[in-house]
Every structure is written in C-alpha cells, then in structure tokens.
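# Examination of the molecular architecture
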Amino acid sequence: MPEIAVRDGLASVYANQALVTRAPQGGRPTSSSSQPGIMAEMLERLELRPGHRVLEIGAGTGYNAALVSTLVMPGGRVTSVELQWDLAEKASRALSAGGFAVDVVVGDAQHGRYGGDQFDRIIATASVDHIPRAWFEQLRPEGLIVTPIRIAAPGPWQQLVVAFQKAGQGLRSVGVVWGGFMYLRSAGDGGAEVQPPTVSVSEVIDGRHHMFANLVGHGLARMRPAARRRLTELLLTRPRTRPIPTSGPANSTLLPFLALANQGAGVLVAHAGDAGRGMGIATRDGRGLSLVLAGKDRRCRMLSFGEEEASALLNDEITRWRAEGRPSLADWSIDVSFDRRPPSRQGERVLERGQCWMTVAWSDTASK
Ligand SMILES: C[S@@+](CC[C@H](N)C(=O)[O-])C[C@H]1O[C@@H](n2cnc3c(N)ncnc32)[C@H](O)[C@@H]1O
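Residues numbered from 1 in each chain as written. Predicted model: local features only at pLDDT ≥ 70, side-chain atom pairs only at ≥ 80, totals over all residues. Heavy atoms only, no water.

### Here's the deal with the domain arrangement of the protein
Here is the rule we go by: Domain delimitation follows an automatic or database domain assignment. Whether two residues touch is decided by their heavy atoms; if any such pair falls within 4.5 Å, the residues are in contact. The term buried area refers to how much accessible surface (probe radius 1.4 Å) is lost by two components on association, counted for both of them together. Salt bridges are identified by distance alone: a Lys or Arg side-chain nitrogen within 4 Å of an Asp or Glu carboxyl oxygen. N or O atoms closer than or at 3.5 Å make up a polar contact, with two conditions inside protein: a donor-capable atom paired with an acceptor-capable one, and, for residues adjacent in sequence, both atoms drawn from side chains. Residue polarity is assigned by list, with Asp, Glu, Lys and Arg as charged and Ala, Val, Leu, Ile, Met, Phe, Trp, Tyr, Cys and Pro as nonpolar; anything else, Gly included, falls into the polar class.
One can read the domain layout of the protein as domain 1 (2-186) and domain 2 (198-323). Put simply, the middle of domain 1 and the middle of domain 2, counted by C-alpha atoms, are 32 Å apart. Taken together, the contact between domain 1 and domain 2 spans eight residues of the former and 17 residues of the latter. Together domain 1 and domain 2 conceal approximately 1000 Å² of surface at their shared face, both sides included; 74% is due to carbon and sulfur atoms. Taken together, the connections running from domain 1 to domain 2 amount to zero salt bridges. Here domain 1 is connected to domain 2 by zero residue pairs in polar contact (both at pLDDT 80 or more). Residue composition of the side of domain 1 that touches domain 2, by class: six nonpolar, two polar and no charged.

Put into structure tokens, the structure is as follows:
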C-alpha cells in the first residue's frame with residue numbers, strides 16, 4: 001500500500017486496522033486491506049503447510065496472498081481471484097516485485113473454476129451468506145475453507161468467520177471466531193454493494209451527522225408503506241429501556257443468536273446508530289419494535305417502542321439464549337449441505353441459502 005505509506009506513514013500500514021483502498025465517490029468501499037489481527041487468525045485456522053495449493057478469494061492489495069504464499073513454500077501454489085481487473089493487475093505487479101509466486105486471476109469467484117486440480121485450502125476475504133457450490137467442488141476431501149459468513153439475512157453486521165472442513169457431501173465447521181468483511185459481490189452488480197432495505201432517522205446539524213436509528217432488513221420491503229411510516233414515527237418516540245445482563249459483553253453471542261431468531265409474526269431488523277448496534281424485531285404493522293443494542297460501552301440493553309408484541313417475541317428469544325446456556329462462540333457449529341435439506345433436530349436452526357442449507361447449532365454450556 002505505497003500510497004497509504006506515503007500519505008500516513010509506514011507505521012499506519014502495519015497498524016492493526018483495516019485500510020480502505022478503493023471507495024467510489026459517494027459509495028461504499030469496494031476494496032480494503034483487511035485488519036492484520038483477523039488476517040492472522042484466519043491464516044492460523046487455515047492450517048497452511050508447505051506444498052499446499054491454495055485459492056484466495058479477493059486479491060485486493062495482494063498482502064494476504066503474499067502471506068499465504070510464504071506459508072506454503074516450498075512447493076506450494078497460490079491462486080488469488082479478484083473481481084476488479086485494475087486491482088488484480090496492481091496486486092499482481094506488487095506480488096512479483098516482492099518475489100511472491102501467486103497467480104492473480106480476474107473473475108467473479110462465485111462461479112469460476114481455477115486451476116486443474118482441487119485445492120487443499122480456500123480462504124475468502126469477502127463475506128458470503130452461503131457457500132458457493134463452486135468452492136465446495138474445488139476443495140479436496142478433508143480440505144479446509146475459511147470464510148466470513150453473514151449469518152443474519154437482514155444486514156451486514158452479524159458476521160462470523162468460520163473454518164469449515166469438507167466432509168462427504170457437505171462441510172462441517174471446525175472453528176468459529178468474530179470478524180466482519182465487505183460483501184462478496186457479483187460481476188453483475190456493477191461493483192456496488194447492494195444496500196438492503198432501510199428505515200432511518202437522522203439529523204445533520206452544523207455539518208455533523210447524527211444517526212439516531214437505522215433499521216435494516218429484507219423484511220422491511222415486505223411491509224406495507226403505511227406500516228413503514230408508522231415504524232419511522234415510532235423511532236421518534238421515547239423507548240422503554242432495560243439492561244440485559246450478558247456474561248462478558250464483549251464475547252456475548254446474544255446478538256448473533258438473535259440474528260437467527262424465530263420472528264413469529266414480526267420481521268427481523270438489524271440496527272446501527274449513535275445508540276449502538278443491535279438486532280431486533282418489528283411487528284409487520286409497524287406498531288411495535290424491540291431491539292437489543294450493544295452500546296459503545298459494550299453493555300447490552302433492550303429498547304422497546306410502541307405495542308408490546310415485539311418485545312414479547314424478543315424476550316422469548318433472550319430467555320431461550322439463557323436457557324441454552326448463553327453458548328460462547330467456541331460452542332457454535334455451522335454445517336453446510338448441498339444436495340438435500342438436512343433434518344432439523346431440536347435446538348438447531350436450518351437456514352436455506354440459495355445453493356445450500358446451513359445448520360446452526362450450539363452445544364449446551366448450561367451443563368458445564
Ligand atoms: C477485503 S478486500 C480483500 C483484501 C485482500 N485479501 C488484501 O490482502 O488486500 C475484498 C476484495 O474482494 C474482492 N471481491 C468482491 N467480490 C468478489 C468476487 N465475486 N470475486 C472475486 N473478488 C471479489 C473485492 O474487489 C475486494 O478487493
């Protein structure tokens with residue numbers, strides 16, 4: 001990232017932070033160099049060995065590909081796919097100048113086939129809501145895929161980084177950690193990240209933007225316009241507030257648990273605003289909304305607006321999370337099947353996602 005080194009100094013390039021490297025004017029970033037902390041965690045989960053053939057998705061700057069290449073030498077081979085051709089060219093030049101043997105290929109990694117043989121490892125540096133079948137087919141039996149997954153359909157925030165191992169006709173998770181990445185996009189998106197339906201309330205005073213509330217969720221598009229207006233009005237009212245004790249808020253799995261909530265008659269919404277980030281449920285008529293927010297101090301609290309129905313639905317889920325032992329991420333498992341819907345057993349959630357089904361479960365920590 002020579003431009004960033006010149007502008008902000010070399011130390012900032014090596015600081016533990018993500019660096020945006022491509023942001024179209026007025027749009028959301030379309031490329032960045034990931035935060036080194038999560039890069040290291042993902043590389044560790046990938047269990048790279050000399051001789052491994054590795055597919056990276058999202059070459060970006062080429063930094064991560066250089067690290068992968070170092071770890072699989074001697075004898076290894078790295079192919080890195082990048083959607084944006086000019087970034088691919090730049091990464092390729094930087095990698096050869098640094099002496100790293102990486103094939104940088106331009107393409108949409110969701111569909112392409114790269115290299116003749118199967119790969120020992122696949123690492124994705126952009127987030128997906130399902131595992132593309134092409135990745136599964138290009139992975140050798142018992143090979144590993146490490147990828148960020150958007151487990152909540154409503155918005156970009158509830159992501160987990162999952163290490164999967166290929167087992168028979170599916171994948172089973174062998175590790176789940178925190179982490180979030182920009183979306184994997186399709187070649188047809190014109191490079192833009194598609195913004196999910198949003199209802200938001202904000203004001204700009206003296207050039208400063210205050211985002212009071214920002215609800216995001218595909219369910220919002222299915223509500224009648226009058227119901228969405230009522231929801232917007234509700235956001236301007238004073239909510240009922242109560243604290244939610246969580247065990248170690250920083251590691252609380254309450255929010256990703258709620259992202260999988262049984263919504264009953266409501267719709268699931270993600271929230272991001274000055275008050276914090278969270279998950280919640282709105283009733284379809286827009287007369288009730290209840291949210292669990294993790295504030296900047298990382299404490300969780302519940303905010304309820306309007307009629308009680310939404311808070312009753314959310315309370316049921318919080319009670320379930322407690323009853324299931326507040327499972328820590330180490331207790332979570334996510335399995336992927338491609339050919340047929342797996343049977344849903346008690347306590348598991350089966351998510352149908354395009355080309356695959358994902359089964360989310362957690363072991364019972366209450367008994368530990
Ligand atoms: C977080 S950046 C990657 C960081 C990179 N590994 C590095 O070390 O700098 C995500 C990258 O994924 C690319 N990308 C997004 N959708 C893609 C797709 N369908 N196929 C290939 N690359 C894609 C983006 O253009 C972006 O450069």
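### Thoughts on the side chain of Ser80
Test applied: Secondary structure is summarised from DSSP: a helix means a run of H or I of at least four residues, a strand means a run of E of at least two, and numbering begins at the N terminus for each. Partly exposed describes any residue whose relative accessible area lies between the buried limit of under 20% and the exposed limit of over 50%, with all areas from a 1.4 Å probe on protein chains only and scaled to the type maximum.
Its place among the elements puts Ser80 in strand E4 (residues 77-82). Judged by its relative accessible area of 0%, Ser80 is buried. Of note is the side chain of Ser80, whose polar atom sits 2.6 Å from the side chain of Glu56. When neighbours within four sequence positions are excluded, Ser80 is seen to be in contact with Glu56, Gly58, Ala59, Ala65, Val102, Asp103, Val104 and Val105.

### A word on the site of the ligand
What counts, and what does not: Nearness here has a simple test: a residue counts as near a molecule or strand if at least one of its heavy atoms is within 4 Å of that partner. Only the protein chains shown count as cover for residues, and the accessible areas themselves come from Shrake-Rupley with a 1.4 Å probe.
Close contacts around the ligand come from 25 residues, with Ser31, Thr61, Glu82, Asp108 and Arg185 the closest. One of the side-chain nitrogen or oxygen atoms of Thr61 is found 2.6 Å away from an oxygen atom of the ligand. Backbone polar atom of Ala109 to a nitrogen atom of the ligand: 2.9 Å apart, as the coordinates give it. Surface burial for the ligand is 100%, taken as the share of its 610 Å² of free accessible area covered by protein chains. Among the elements that make up the shell around the ligand, the one with the highest residue count is strand E2 (residues 31-33) (three residues). Of the residues belonging to the shell around the ligand, the class tally is eight nonpolar, 13 polar and four charged.

### Structural notes on the sheet that holds strand E3 (residues 53-57)
Our working rule: Should DSSP find at least two bridges between two strands, the strands are regarded as paired. Here, axes are lines fitted to C-alpha atoms. For helices the fit covers the stretch in contact, and angles between N-to-C directions go from 0 to 180 degrees.
Read across the sheet, ten strands follow the order E5-E4-E3-E6-E7-E8-E9-E17-E19-E18 without closing on themselves; strand pairing throughout is mixed. The strands lining the two open edges of the sheet, one partner per strand, are strand E5 (102-106) and strand E18 (349-353). With direction set aside, neighbouring strand axes in the sheet form an average angle of 20 degrees. Relative to strand E6 (residues 119-124), E3 is paired through four bridges, and the arrangement is parallel. If you follow Glu56 over to E6, its bridge partner there is Ile123. Here helix H5 (residues 85-97) sits on the sheet in contact with E4 and E5, set at roughly 170 degrees to E5.

### Description of the layout of surface pockets
Where empty space is left can be seen by rolling a probe of water-molecule size over the atoms. Quick reminder of the rule: Computed over the protein atoms alone on a 1 Å grid, cavities are sets of points where a 1.4 Å probe fits but cannot get out and pockets are open sets with protein on both sides within 12 Å along at least five of seven lines; a residue lines them when it has an atom within 4 Å of a point. Grid points are joined across faces, edges and corners, and a volume is the space filled by probe spheres set on the points.
Roughly 600 Å³ of volume is contained in the second largest pocket. The wall of the second largest pocket is formed by 25 residues, among which Met1, Pro2, Glu3, Thr61 and Lys90 lie closest to the centre. Counting residues per element, the ones that place at least two in the lining of the second largest pocket are helix H1 (2-8), helix H2 (10-14), strand E1 (19-22), helix H4 (63-72) and H5. Take the lining of the second largest pocket: its biggest share by element is six residues, from H5.

### Quick word on the packing of aromatic side chains
For clarity, the threshold we go by: Each Phe, Tyr or Trp ring, with Trp reduced to its six-membered ring, pairs with another whose centre is within 6.5 Å; inter-plane angles below 30 degrees give stacked pairs, above 60 give edge-to-face pairs, and intermediate values give tilted ones.
By the definition in use, this model includes three aromatic pairs. Taking the centre distance of 4.9 Å and the plane angle of 45 degrees together, the rings of Trp332 and Trp362 count as tilted. With a gap of 30 residues between them, Trp332 in strand E17 (residues 332-337) and Trp362 in strand E19 (residues 356-362) connect regions that are remote in the sequence. An identical accessibility class is assigned to Trp332 and Trp362; each is buried.

### As for the pairing of strand E13 (residues 266-273)
Here E13 lies mainly inside the structure; eight of its eight residues are buried. Judged from the two bridges that link them, strand E11 (residues 208-216) and E13 form a sheet pairing that is antiparallel. Bridge assignment links Leu215 to a residue of E13, and that residue is His271. Here E13 folds back onto strand E14 (residues 276-283), and the loop between the two strands holds two residues.

### Here's the deal with the nonpolar core
Selection criterion: Remark: nonpolar core denotes a set of buried residues (Ala, Val, Leu, Ile, Met, Phe, Trp, Tyr, Cys) joined through side-chain atoms within 4.5 Å.
Ranked by size, the top nonpolar core spans 54 residues in total, and within it Ile131, Trp135, Phe164, Leu171, Val292 and Trp332 carry the most contacts. When residues in this core are grouped by element, the largest group, five residues, is from helix H9 (residues 254-259). Per-domain counts for this core show at least three residues from each of domain 1 (2-186) and domain 2 (198-323). Discounting chain neighbours no more than four positions away, the residues touching Trp332 are Ile151, Leu160, Ser173, Val176, Thr253, Pro256, Phe257, Leu260, Pro327, Val360, Ala361 and Trp362. If you look at the next biggest cluster of nonpolar residues, it comprises 19 residues, including Leu43, Leu46, Val102 and Val161.

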